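Topology and contacts: notes
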Amino acid sequence: MTMLPATAGAKKLGLVIDLDICVGCHACAVNCKEWNSGGHSAPMTDWNAYSGTESTDGDDAGAWGVWFNRVHTYEVGDGAEGRTVHFPRSCLHCETPACVTVCPTGASYKREEDGIVLVNEDLCIGCKLCSWACAYGAREYDHEDGVMKKCTLCIDRIYNENLEEVDRVPACVSTCPASARHFGDLGDADSAVSRLVAERGGYDLMPEMGFKPTNKYLPPRPGKTACGSTGAPSRLEQLVAEAADAVPTGAAIPATTGGKLLAWVDAVLSR
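Being a predicted model, the structure only gives us computed values, none of them experimental.

1. Some remarks on the overall build of the protein
Scanning the protein for helices and strands turns up eight helices and 13 strands. A buried classification covers 38% of the 271 residues belonging to the protein. Long-range contacts, defined as pairs at least 24 residues apart, comprise 56% of the intrachain contacts of the protein with a sequence gap of at least 6. Surface summary for the protein: the accessible area is close to 14900 Å², and the carbon and sulfur share equals 54%.

2. Quick notes on the side chain of Ser108
Here Ser108 shows up in strand E8 (residues 108–110). Residue Ser108 is classed as buried on the basis of its relative accessible area, which comes to 2%. In terms of polar contacts, Ser108 uses its side chain to reach the side chain of Arg139, at 2.9 Å. Excluding anything up to four places from it in sequence, Ser108 contacts Thr2, Cys99, Val100, Cys103, Leu118, Val119, Cys130 and Arg139.

3. A word on the pattern of salt bridges
Charged atoms that come close allow side chains of opposite charge to pair. All chains considered together, the criterion is met by ten salt bridges. The shortest N-O distance in the salt bridge between Glu140 and Arg70 comes to 2.9 Å. With Glu140 in strand E10 (residues 140–142) and Arg70 in strand E6 (residues 70–76), the pair connects residues that are 70 residues apart, well separated along the chain. Among the salt bridges present, the one from Arg111 reaches Asp114, with a minimum N-O distance of 2.8 Å. One salt-bridge network, in which partners are shared between bridges, spans Asp20, Arg83 and Arg221.

4. Brief notes about helix H6 (residues 192–200)
For H6, every residue scored as buried is listed here: Val193, Ser194, Val197 and Arg200. Axial view of H6: buried residues confined to an arc of 145°, hence all on one face. In H6, the exposed positions angled more than 90 degrees off the buried face are occupied by Ala192, Ala198 and Glu199. On its buried face, H6 is in contact with strand E1 (13–18), strand E12 (181–185) and strand E13 (216–218). Looking at the residues trailing H6, positive phi occurs at Gly201, about 70°.

5. A few points about the nonpolar core
Within soluble globular proteins, side chains that are nonpolar generally end up buried alongside one another. Core analysis: the biggest nonpolar cluster contains 30 residues, and Ile116, Tyr136 and Tyr217 have the highest contact counts within it. For this core, the secondary structure elements donating two or more residues are E1, helix H1 (27–36), helix H4 (155–158) and helix H5 (171–175). Beyond its immediate sequence surroundings of up to four residues, Ile116 is in contact with Leu13, His93, Tyr109, Lys110, Arg111, Thr152, Leu153, Ile155 and Ile158. One finds Cys99, Cys103, Val117 and Val147 within the second-largest nonpolar core, a separate group that totals ten residues.

6. Comments concerning the packing of aromatic side chains
This structure, assessed with the given rule, holds three aromatic pairs. With centroids separated by 4.7 Å and ring planes inclined at 15°, the aromatic side chains of Phe87 and Tyr217 adopt a geometry described as stacked. With Phe87 in strand E7 (residues 83–89) and Tyr217 in strand E13, this residue pair connects regions lying 130 residues apart in the sequence. By relative accessible area, Phe87 is classed as buried at 13%. Overall, the relative accessible area of 1% leaves Tyr217 in the buried class. Taken together, a centroid distance of 6.4 Å and an interplanar angle of 75° make the contact between Tyr136 and Phe211 edge-to-face. Taken as a pair, Tyr136 in the loop between helix H3 (129–133) and E10 and Phe211 in the loop between H6 and E13 lie far apart in primary sequence, 75 residues in all. Grouping residues by exposure puts Tyr136 and Phe211 together as buried. Lys33 extends its terminal NZ or CZ atom over the ring of Trp67, reaching a point 4.7 Å from the ring centre.

7. Quick word on unusual backbone geometry
In this structure, Ser179 takes a positive phi of about 55° despite not being glycine. By secondary structure assignment, the location of Ser179 is in the loop between H5 and E12. A relative accessible area of 47% means that Ser179 is categorised as partly exposed. At Lys212, a residue that is not glycine, the phi angle is positive and equals roughly 50°. Inspection of the secondary structure assignment puts Lys212 in the loop between H6 and E13.

8. Focus on the pairing of E6
Bridge analysis of E6 against E7 gives seven bridges, and the strand direction is antiparallel. In the strand pairing of E7, Val71 is matched with Pro88. Counting the residues in the hairpin turn of E6 and E7 gives six residues, including Gly77, whose phi is positive at 80°.

The rules behind each value
Residues numbered from 1 in each chain as written. Predicted model: local features only at pLDDT ≥ 70, side-chain atom pairs only at ≥ 80, totals over all residues. Heavy atoms only, no water. Helix = DSSP H or I, 4+ residues; strand = E, 2+ residues; numbered from the N terminus. Buried < 20%, exposed > 50% of the residue type's maximum accessible area, 1.4 Å probe, protein only. Contact = heavy atoms within 4.5 Å. Areas by Shrake-Rupley, 256 points an atom, 1.4 Å probe, with all protein chains shown as cover. Polar contact = N/O pair within 3.5 Å; in protein donor to acceptor, adjacent residues only side chain to side chain. Salt bridge = Lys/Arg side-chain N within 4 Å of Asp/Glu carboxyl O. Arc of directions from axis to C-beta. Core = buried A, V, L, I, M, F, W, Y, C linked by side-chain atoms within 4.5 Å. Phe/Tyr/Trp six-rings, centres within 6.5 Å; stacked < 30°, edge-to-face > 60°. Lys NZ or Arg CZ within 6 Å of the ring centre and 35° of its normal. Pairing = 2+ DSSP bridges.

This is how it looks when you write it as structure tokens:
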């Protein structure tokens, strides 16, 4: 069976996914599919893509294909506490991935330099042991090529010096319209993604399994209690606070919001 790196590298590249703002648009999945159809793990084949065109014993054989990123949608909670949560799922690039240690040929492996888990398709025999071992369902079997495939964190993008630095992120991150996906070094406590995880209480998926996934999820925030309420000060509230600071010491501050704003304008114009 395949061994993990003898020493874990300090660098741990991965994703942070914000479940609070993911809108379930599937743009990440589509752009992932588009990029990787011609990249490191190409092709990402489809069969009977629209269903209804192929049959088995007269029955629709269904549609299937290789997707590295999938988005699931769930209804959680009851009544006023209920909400829709869109849950993107891809390889989590675990620190101790079972998909690697069960591989009989060494095709599945974990890189020491950045923690990314990959598949060497030249060594893969399509036995599917890795897919059975993965607790997160992140392995994809390509029936056309007879090998296993998976998310690569777009290594052909993130290390591509021909791209502008801003574009050296996974395809799913670059295309997210809500900025719900973040990429970086989770082994660096001072990185932007690590700080985001610390501030928002980011968590591992199914930590009880002991695989220590690198990717983290940010939990949904509490639901709004009133229409338009975000829990953060509005711009008007910020201006009111500025108004109070701008009025000279000892001066009377009108009680109404409009009065405070007028007092602020008057104080600014009097400087």
